[in-house]
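# Report on the structure
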Amino acid sequence: MAMTLFQHVRQRHTPELAALITAIADGAATIERRIRTAGLDDILGAAGSENVQGEAQQKLDVLADNTLIEVLKALPSVAAVVSEEDEEPVIFEGRPNAKFIAIFDPLDGSSNIDVNVNVGTIVSIQALKPGVSVREAILQPGTEQIAALYVNYGPSTILVYTAGNGVHAFTLAEGEFLLSSEDMKMPEQGPYYSMNEGNIGESQLVYGKAISRFRDGTLVGGKKYSSRYVGSFIADFHRTLLKGGVFLYPPTKKAPNGKLRLLYEANPLSFIAEQAGGAASNGRYRILEIVPTEPHVRTPLIIGSQSEVAAIGGLISISP
Ligand code: AHG
Ligand code: MN
Ligand code: MN
Ligand code: MN
């Protein structure tokens, strides 16, 4: 049998980190089971509440959030969690030896749930060092991440993680995540660009030259591009990791600092991108070096193959 996720992490890292990543994977396996039959269990559609982002929470957003908080609360090594779906951090009191903060997007791509398109879970793990408050530990830059992972609930359910020793993928089979790819490398240049072209008018100003160069094939050495946009960040990123190219979410009128959130979308996937030989910037700075001011801060995002991220960064006339 292929290596399990716990065995893989334990070979390279501490038992606590292996236990933490495995617990998150168990939570994801529970979420996956609920997603598979969501249409029969009345857990599709809106929950009737709004999150701190001003988004209408979907029932599965709330279910996924509760599932992850429950599995993480059961681990004494976890001091607190930050979730897209909860305005304030959830702090687990009375844990003097806790080592980790888990920061997550419990369900990414909520707009795709009801139409049976890939959705995901994204987790960033930061260290809680002695003498540092939980709040300070939450607001560390992405360079300090201990590990990052995402789960892509699709035709297969695939978990991709890095803990600083390369990027590795596991496929869910009979409730267990088994190793399916090791040391994944993102192509240095790729055939796809991925953005919400409905924003093109607004993004034109900041990314105008880059977008026209995708279209006329002059962005990177005459390479012709195809457009691919799923609308679930984890699905657009997973394709970019495997096939190359670039995903971009520029600033728009509605989201002047970009739509994607730094702590639980941009940082974890930028860590994975860089570990796989790719890159991630906000158009001016490396994503992982941005120092967050508050847990739900947003950032413009250009993430993917080195060639495209560099070419677009060089073209942006008005850096966000
Ligand atoms: P979430 O469902 O966690 O709120 O994230 C949705 C994000 C991301 O998954 C995706 O890339 C982006 O929203 C799509 O935004 P648009 O619909 O504005 O293109
Ligand atoms: Mn959301
Ligand atoms: Mn998301
Ligand atoms: Mn979400």
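What you see is a predicted model; the values in this text were computed from it and never measured.

## With respect to the site of ligand 1
- For ligand 1, the set of nearby residues contains 18 residues, the closest of which are D108, G109, S110, Y229 and Y249.
- Taking R261, its side chain carries an N or O atom lying 3.0 Å from an oxygen atom of ligand 1.
- Contact with the protein chains covers 87% of the free accessible surface of ligand 1, which is 470 Å².
- Broken down by secondary-structure element, the contributors of at least two residues to the shell around ligand 1 are β5 (100-108) and β13 (246-249).
- For the shell around ligand 1, the element with the most residues is β5, which contributes three residues.
- A domain-level breakdown of the shell around ligand 1 finds at least three residues from each of domain 1 (5-181) and domain 2 (192-317).

## As for the sheet that holds strand β15 (residues 301-304)
- Spatially, the five strands line up as an open sheet ordered β12-β11-β13-β15-β14, and their pairing is mixed. With one partner strand each, in any of the chains shown, β12 (226-227) and β14 (279-281) form the two edges of the open sheet.
- Note: strand β11 (residues 192-194) against β13, two bridges, orientation parallel. Note on β13: the bridge partner recorded for S194 is F247.
- Helix α7 (residues 262-275) contacts β14 and β15 of the sheet and is inclined by roughly 30° relative to β15.
- The strands touched by helix α8 (residues 306-315) within the sheet are β13, β14 and β15, with β15 carrying the most contacts at an inclination of about 155°.

## As for a nonpolar patch on the surface
- Taken together, the side chains of V115, V117 and V230 present a nonpolar region at the surface, about 200 Å² in accessible area.
- Tracing the backbone through its elements, the reader meets V117 in the loop between β5 and β6 (119-127).
- Note on V117: relative accessible area 32%, which makes it partly exposed.

## Considering the coordination of the manganese ion (ligand 3)
- The coordination sphere of the manganese ion (ligand 3), as far as protein atoms go, consists of D105 (OD), D108 (OD) and E265 (OE), spread over 1.9 to 2.1 Å.
- Along the chain, the residues that donate to the manganese ion (ligand 3) are spaced as D-x2-D-x156-E.
- The exposure class of D108 is buried, given its relative accessible area of 5%.
- Residue classification places E265 among the buried residues on the basis of a relative accessible area of 1%.

Basis of the calculations
Residues numbered from 1 in each chain as written. Chains lettered and ligands numbered in written order. Predicted model: local features only at pLDDT ≥ 70, side-chain atom pairs only at ≥ 80, totals over all residues. Heavy atoms only, no water. Near = heavy atom within 4 Å. Polar contact = N/O pair within 3.5 Å; in protein donor to acceptor, adjacent residues only side chain to side chain. Areas by Shrake-Rupley, 256 points an atom, 1.4 Å probe, with all protein chains shown as cover. Helix = DSSP H or I, 4+ residues; strand = E, 2+ residues; numbered from the N terminus. Domains from an automatic or database assignment. Pairing = 2+ DSSP bridges. Contact = heavy atoms within 4.5 Å. Axes fitted to C-alpha atoms, helices over the stretch in contact; angles between N-to-C directions. Patch = residues over 30% accessible without salt bridge, like charges linked within 9 Å, V, L, I, M, F, W, Y side chains within 5 Å. Salt bridge = Lys/Arg side-chain N within 4 Å of Asp/Glu carboxyl O. Buried < 20%, exposed > 50% of the residue type's maximum accessible area, 1.4 Å probe, protein only. Donors = N, O, S within 2.8 Å, 3.2 Å for Na, K, Ca; no water.

In short, the description is geometric, and any link to function would need to be established separately.
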